[in-house]
Amino acid sequence: MSVTNTVFAIISFLLMGYLVLILIRILATWFSAASMPPIIQFLARLTDPFLTLFRGLRFLRLQYLDLSPLAALIILNLAITITSRISLSQSIWFGLVLSILLDQIGQAVGFFFVFFGILALIRLAAIFAKASSVSRVWFTLDHILQPMVYPIVTRLSPHKVLPYGSGLGIFIGLNVAAWFIANLVFSQLALLSRSIPF
């Protein structure tokens, strides 16, 4: 193992440790701030500067849903994957790094398609089960999903108003198709970029 491989292995290990600390910090935010033990307060001082970088990005806040911690975890996971794969590689070249980057971006994009598809599927199941639409959970899901569902439905059916359940079904179908296409495109791009000689 070369010095470069060893350095990247150490960096990868340290990043994994930091990822665990961030996960603990995120879980700790689910509980009252008044009852946080000193170790959690120390974790907050250690991890909040990184998490704050993502909290300022407005597009990661969807009504009642804050995706900034998730984006921080995805970026950190990307760095871990790049450093660990480089540490295992015989040599480092631009095509390898680009391939890893494209693969990870494809996985992140795919995750969001799956995530919002699952949210829409849960909401659609609640509609079919005739769950009370005044529940706070459904209200929150509707506030997250409606800004994505309605523009799609109005473009597909501009002269006819579709029921919300139908719009969710279309949204789910489009999410599955988009996930499949994104997965195919990014995996092919990652494969092609590996052949870049430099």
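This text follows the structure it describes.
Just so we're clear, the structure is a prediction, and the values are computed from it rather than from any experiment.

Caption draft 1: Just the pattern of salt bridges, in detail. Taken as a whole and assessed by the stated rule, the structure comprises three salt bridges. A salt bridge links Asp48 to Arg25, with the nearest nitrogen and oxygen atoms 3.0 Å apart. Of this pair, Asp48 sits in helix 2 (residues 38–55) while Arg25 sits in helix 1 (residues 3–28); the two residues are 23 residues apart in sequence, bridging distant segments of the chain. For the residue pair Asp48 and Arg25, the accessibility class agrees, reading buried in each case. Among the ionic pairs, Asp103 bridges to Arg85, the shortest N-O distance being 3.4 Å. With Asp103 in helix 4 (residues 94–128) and Arg85 in helix 3 (residues 68–88), this pair connects stretches of sequence that are 18 residues apart. On the basis of relative accessibility, which here comes to 35%, the residue Arg85 falls in the partly exposed class.

Caption draft 2: Representation of the environment of Gly110 in the model. In this structure, Gly110 sits in helix 4. For the pair Gly110 and Pro49, spaced 61 residues apart in sequence, the C-alpha to C-alpha distance is 27 Å.

Caption draft 3: Main features of the side chain of Ser12. Structurally, Ser12 is set in helix 1. Exposure remark for Ser12: the relative accessible area of 2% places this residue in the buried category.

Caption draft 4: Summary view of the nonpolar core. By size, the foremost hydrophobic cluster in this structure holds 29 residues, and its most contacted members are Ile22, Leu76, Leu145, Val149 and Leu168. Elements with a minimum of two residues in this core: helix 1, helix 2, helix 3, helix 4, helix 5 (136–156) and helix 6 (164–193). In terms of residues, this core owes the most to one element, helix 5, which gives six residues. Beyond its immediate stretch of four places on either side in the chain, Val149 contacts Tyr164, Gly167, Leu168 and Phe171. Grouped together as the second largest cluster of nonpolar side chains are five residues, Leu78, Ile82, Leu96 and Ile100 included.

Conventions we followed
- Residues numbered from 1 in each chain as written.
- Predicted model: local features only at pLDDT ≥ 70, side-chain atom pairs only at ≥ 80, totals over all residues.
- Heavy atoms only, no water.
- Salt bridge = Lys/Arg side-chain N within 4 Å of Asp/Glu carboxyl O.
- Helix = DSSP H or I, 4+ residues; strand = E, 2+ residues; numbered from the N terminus.
- Buried < 20%, exposed > 50% of the residue type's maximum accessible area, 1.4 Å probe, protein only.
- Core = buried A, V, L, I, M, F, W, Y, C linked by side-chain atoms within 4.5 Å.
- Contact = heavy atoms within 4.5 Å.

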